[in-house]
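# Structure at a glance
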Amino acid sequence: MKTIRIGTRESKLAVIQSEIVAEYLTSIGREYELVKMKTTGDKILNKTLEKIGGKGLFVKELDHALLDGRSDISVHSLKDMPMELPEELPIIAFSEREDPRDVLVLPEGATEIDFSKPIGSSSFRRRIQIEKLYPQARVESVRGNVQTRLKKLDEGQYGALVLAAAGLIRLGLEDRIHKFFEPSEILPAAGQGVLAVQGRKDEDYSWAFGFNDVNTEREVRAERAFVKWLDGGCTSPIAAFAVCGEDQLTIEGLYYDEASGKWHRETLSGSPYAAEELGIELAKTMKGRYE
């Protein structure tokens, strides 16, 4: 059997996430090789994502490597993937979900937010929810990998950061978490906490069946269908979070209406076997509130 070449960004977190897939490959007797690369999104750090083309810039180089045969699969944080994917590069497996919540991180030694300094977050989705929780706060963009952001925080550039719990947990940095925000406080991004394994169309990836988590797949298909129907990109202030039980899937969505500047949240439950249809139904209902 051939060695499976895993395309990954070269950041520490991306490599750790790829090694989660690599450990599974080892467990089923397959050999692997990590193919590391720097993406456009990793290179341009002096501008916000909205100004340079969105989070799709974190996957473009990995897509090219898959298409030209330099890699056999790519591993991504699902929340960083565009809602529209190339037909020739489907997602072949979804990992079990890590903690999907956002968290508050304070400078080392601090016990509360210093509101004289901005809260760092590059996400419009997070910003509008942070401003509701903390009306006295000023939210400003912060770019770079997790370690870079923490360095900026500890150097005094920010009074706090809001980050994804999953990244800190995978990096072994749980001790930096001051507070977990429940989804009722800050609704996570679609796909947050989930790894996506991407492959090439019409190739045999039967080995991936054992890695794929079925309940997670149903949750994220509902979430991504919600965001996609509303034309929400990865930098859009549209969010969705679903929880799949044995016979019911519940999805909560956040919709922001650009024309009015208003946003609201709603929840819908239905069959887990019609996850995408449920996400679309909620999207239609919520958008209709402003029409």
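On a predicted model such as this, the values are computed, not experimentally measured, just so you know. (Residues numbered from 1 in each chain as written. Predicted model: local features only at pLDDT ≥ 70, side-chain atom pairs only at ≥ 80, totals over all residues. Heavy atoms only, no water.)

## A short note on the overall build of the protein
Secondary structure summary: the protein contains 9 helices and 13 strands in total. For 291 residues, the compact-globule formula gives about 19 Å, and the C-alpha radius of gyration of the protein, at 19 Å, lands near that figure. Projected onto its principal axes, the C-alpha positions of the protein cover 60 × 45 × 35 Å. When each of the 291 residues of the protein is scored for burial, the buried share is 54%. Residue pairs at least 24 apart in sequence account for 69% of intrachain contacts in the protein once pairs closer than 6 positions are excluded. (Helix = DSSP H or I, 4+ residues; strand = E, 2+ residues; numbered from the N terminus. Rg over C-alpha atoms; globule rule 2.2 N^0.38 Å. Buried < 20%, exposed > 50% of the residue type's maximum accessible area, 1.4 Å probe, protein only. Contact = heavy atoms within 4.5 Å.)

## Quick look at the pattern of salt bridges
Across all of its chains, the model carries 24 salt bridges by this definition. The salt bridge involving D80 is made with R9; its shortest N-O contact spans 3.6 Å. Linking D80 in the loop between β3 (73-77) and β4 (91-94) with R9 in strand β1 (residues 4-9), this pair joins segments that are 71 residues apart in sequence. Owing to a relative accessible area of 9%, D80 belongs among the buried residues under this scheme. Taking the relative accessible area as the measure of exposure, R9 reaches 17% and is therefore buried. Two residues, E276 and R221, come together in a salt bridge whose shortest N-O distance is 3.7 Å. (Salt bridge = Lys/Arg side-chain N within 4 Å of Asp/Glu carboxyl O.)

## Topic: helix α8 (residues 214-229)
Over its 16 residues, α8 runs 22 Å from end to end, which matches the ideal 22 Å to within 8%, given 1.5 Å per residue. Restricting attention to buried positions, one finds in α8 the residues T216, E217, E219, V220, A222, E223, R224, A225, F226 and V227. Each element contacted by the buried residues of α8 is listed here: β4, β11 (239-244), β12 (249-257) and α9 (275-288). D231 lies just past α8 and shows a positive phi near 60 degrees. (Expected span 1.5 Å × (residues − 1).)

## Observations regarding the pairing of strand β5 (residues 102-105)
A two-sided burial pattern is seen for β5, the buried positions comprising D102 and L104 on one face and V103 and V105 on the other. In this sheet, strand β8 (residues 160-164) lies alongside β5 in antiparallel orientation, the contact comprising 4 bridges. Bridging from a neighbouring strand, L104 pairs with V162 of β8. (Pairing = 2+ DSSP bridges.)

## Section: the packing of aromatic side chains
Between two aromatic rings, the relevant description is the distance of the centres plus the angle of the planes. A full pass over the atoms with the stated rule returns 4 aromatic pairs. For the ring pair Y24 and F211, a centre distance of 5.5 Å and an interplane angle of 55 degrees mean the geometry is tilted. Residue Y24 is located in helix α1 (residues 12-27), and its partner F211 is located in the loop between β10 (195-198) and α8; the two are separated by 187 residues in the primary sequence. Across this residue pair, the class does not change: Y24 and F211 are buried. (Phe/Tyr/Trp six-rings, centres within 6.5 Å; stacked < 30°, edge-to-face > 60°.)

## Regarding the sheet that holds strand β2 (residues 32-37)
Sheet architecture is open: 5 strands sit in the order β2-β1-β3-β10-β4, paired in mixed fashion. Across the chains shown, the open sheet's two edge strands, defined by having one partner strand only, are β2 and β4. Geometrically, the sheet is characterised by an average inter-axis angle of 30 degrees between neighbouring strands, direction not taken into account. Where β1 and β2 come together, 6 bridges link them in parallel fashion. In the strand pairing of β2, T8 is matched with K36. (Axes fitted to C-alpha atoms, helices over the stretch in contact; angles between N-to-C directions.)

## Points about the nonpolar core
Residues A222, F226, V227, L230, I238, L249 and I251 are the most contacted members of the largest nonpolar core, which totals 18 residues. Breaking this core down by element, the ones donating at least two residues are α8, β11, β12 and α9. For I251, the residues in contact, after removing those within four places along its chain, are A222, E223, F226, A240, F241, A242, E266, T267, L268, L278, G279 and L282. I4, A22, V197 and F211 belong to the second largest nonpolar core, which has 15 residues in total. (Core = buried A, V, L, I, M, F, W, Y, C linked by side-chain atoms within 4.5 Å.)

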